Amino acid sequence: MRLLIVEDEADLRVALTMSLEEDGYVIDSAEDGEEGLYKAMNWDYDVIILDIMMPKMDGWDVLAELRKEKNTPVLILTARGAIDDRVKGLDLGSDDFLVKPFDMAELSARLRALIRRAAGKTSTVLTYRGLQLDTAKKTVSVDAIAVQLTALEYALVQFLLMHQDTVVSRTDLYEHLFNEDDDSLSNVLDVHVCNARRKLGGTYIKTRRGLGYTIGD
């Protein structure tokens, strides 16, 4: 899953990036509101983590402009925890609100919930026939037997299960699984699909030639 962190405090931005990358997310970042809005409008993110007090353009204006065109889930992350700020954020179209200082475990849980909600899922466990993926425990099993996947293989399977019964294009997979510096012209996606398919068994990840990949019927 690909996240955008819009935060002008460099130390916090770096710490968030490192922690969430360890969690398996692909992270893009922006250090001011203008850069954040540009990236938010030009790439598709699974969640945007948005600070409020920033140079050039504050988070309220970023959120208002974003909501004119996109419904990307937005988690407001700010030191301003007054009720009026929470109400303003929700009225402008934010999906969640977390006040600094915060616990990373809570942030991670809120991100998982936003991603589930956006995909129309209510449970932390995604299933298809004998395949089961637990987004909270980050475990995968087939017929109750644990399967060890790399971080990127896990992200691939999770994204396909989140969009079960839908053909996901290669472009969408690149946008959500690789960061902006990766070479999208390489065959790296094919390698990860092949490895994940081998580990899960050949019947789960299906190729729709010329269209993309799917898990489902």
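Residues numbered from 1 in each chain as written. Predicted model: local features only at pLDDT ≥ 70, side-chain atom pairs only at ≥ 80, totals over all residues. Heavy atoms only, no water.

A look at the overall build of the chain
Where we set the bar: Runs of H or I in DSSP of at least four residues are treated as helices and runs of E of at least two as strands, each being numbered from the N terminus. The cut-offs for exposure are 20% and 50% of the maximum accessible area for each residue type, with area from a 1.4 Å probe on protein chains only; residues under the lower value are buried, those over the upper are exposed, and the others partly exposed. Whether two residues are in contact is decided by their heavy atoms: any pair within 4.5 Å suffices. Note on areas: Shrake-Rupley, 1.4 Å probe, and residue coverage restricted to the protein chains presented here. In this charge count, Lys and Arg are treated as positive and Asp and Glu as negative; neither His nor the chain ends contribute. By convention, charge coordinates are those of NZ in Lys, CZ in Arg, CG in Asp, or CD in Glu.
Of the regular secondary structure elements, the chain holds eight helices and 11 strands. Considering only C-alpha atoms, the chain reaches an extent of 50 × 35 × 30 Å along its principal axes. Expressed as a percentage of its 217 residues, the buried residues of the chain come to 46%. Within the chain, contacts between residues separated by at least 24 positions form 59% of all contacts whose residues are at least 6 apart in sequence. Carbon together with sulfur atoms contributes 49% to the accessible area of the chain, which is approximately 10600 Å² in total. With 26 positive and 38 negative side-chain charges, the chain shows a spacing of 8 Å between the two charge centroids.

Here's the deal with the environment of I205
As for its placement among the helices and strands, I205 is situated in the loop between α8 (188–200) and β10 (206–208). Of the residues examined, I205 reaches a relative accessible area of 1% and is grouped as buried. Separated by 113 residues in sequence, I205 and L92 have C-alpha atoms that sit 39 Å apart. Leaving out residues up to four positions away in the same chain, I205 has contacts with V157, L160, V193, A196, R197, L200, Y213, T214 and I215.

What about the packing of aromatic side chains?
The description of an aromatic ring pair rests on the distance of the ring centres and on the angle between the ring planes. To keep it simple, the criterion reads: Pairing of aromatic rings covers Phe, Tyr and the six-membered ring of Trp, with a centre-to-centre limit of 6.5 Å; geometry is then stacked below 30 degrees between planes, edge-to-face above 60, and tilted otherwise. The criterion is that NZ of a Lys, or CZ of an Arg, lies within 6 Å of the ring centre and within 35 degrees of the ring normal, and then a charge sits over that ring.
Summed over the entire model, instances satisfying the criterion amount to three aromatic pairs. Considering the side-chain rings of Y174 and F178, the 5.4 Å spacing of their centres and the 45 degrees angle between planes classify their relative orientation as tilted. Accessibility assignment for this pair places Y174 and F178 in one class, buried. Of note, K138 hangs over the ring of Y25, and the distance from its end group to the ring centre comes to 5.8 Å.

A closer look at the side chain of D51
Applicable threshold: Polar contacts here mean pairs of N or O atoms no more than 3.5 Å apart (in protein, one a potential hydrogen donor and the other a potential acceptor; neighbouring residues in sequence count only if both atoms are side-chain atoms).
Structurally, the position occupied by D51 is in the loop between β3 (47–50) and α3 (59–66). Residue class for D51 comes out buried when judged on its relative accessible area of 4%. A distance of 3.5 Å separates a polar atom in the side chain of D51 from a polar atom in the side chain of K100.

Structural notes on the sheet that holds strand β2 (residues 26–30)
Short version of the rule: Any two strands between which DSSP finds at least two bridges are classified as paired. As a rule, the C-alpha atoms of each element are fitted with a line to give its axis, helices using only the stretch in contact, and angles between N-to-C directions run from 0 to 180 degrees.
Strand order across the open sheet formed by five strands is β2-β1-β3-β4-β5, with parallel pairing between neighbours. Unpaired on one side and paired on the other, β2 and β5 (96–99) mark the two borders of the sheet. Recorded for the sheet is a direction-independent mean angle of 20 degrees between the axes of neighbouring strands. Sheet analysis places strand β1 (residues 2–6) next to β2, joined by five bridges and oriented parallel. By the bridge assignment for β2, I5 is matched with S29.

So, the domain arrangement of the chain
Let me state the cut-off plainly: The start and end points of each domain follow an automatic or database-based domain assignment. Once two parts are put together, the accessible area they lose, assessed with a 1.4 Å probe and summed over both, is termed the buried area.
We note that the domain assignment places domain 1 (2–118) and domain 2 (125–215) within the chain. Here the C-alpha centre of domain 2 lies 26 Å away from the C-alpha centre of domain 1. In this assembly, 12 residues from domain 1 lie in contact with 11 residues from domain 2. Counting each side, the surface lost to burial between domain 1 and domain 2 is near 1100 Å², with a carbon and sulfur contribution of 48%. On the domain 1 side of the interface with domain 2, the three residues burying the most area are R2, V26 and R112, jointly 36% of the side's total.

Comments concerning the environment of F159
With respect to the element layout, F159 can be found in helix α6 (residues 151–162). Setting aside chain neighbours within four positions, we find F159 in contact with M1, D46, V168, L173, H176 and L177.

Things to note about unusual backbone geometry
Cis peptide bonds are those with omega within 30 degrees of zero, and the linkage from K100 to P101 qualifies with -10 degrees. Mapped onto the secondary structure, P101 falls in the loop between β5 and α5 (104–118). Backbone geometry at A144 places phi at a positive 70 degrees, although glycine is not the residue there. One can find A144 in the loop between β8 (139–142) and β9 (145–146). In this structure, D165 is a non-glycine residue whose phi angle is positive, near 70 degrees. Looking at where D165 falls in the secondary structure, it is placed in the loop between α6 and α7 (170–177). Residue D165 is classed as partly exposed on the basis of its relative accessible area, which comes to 45%.

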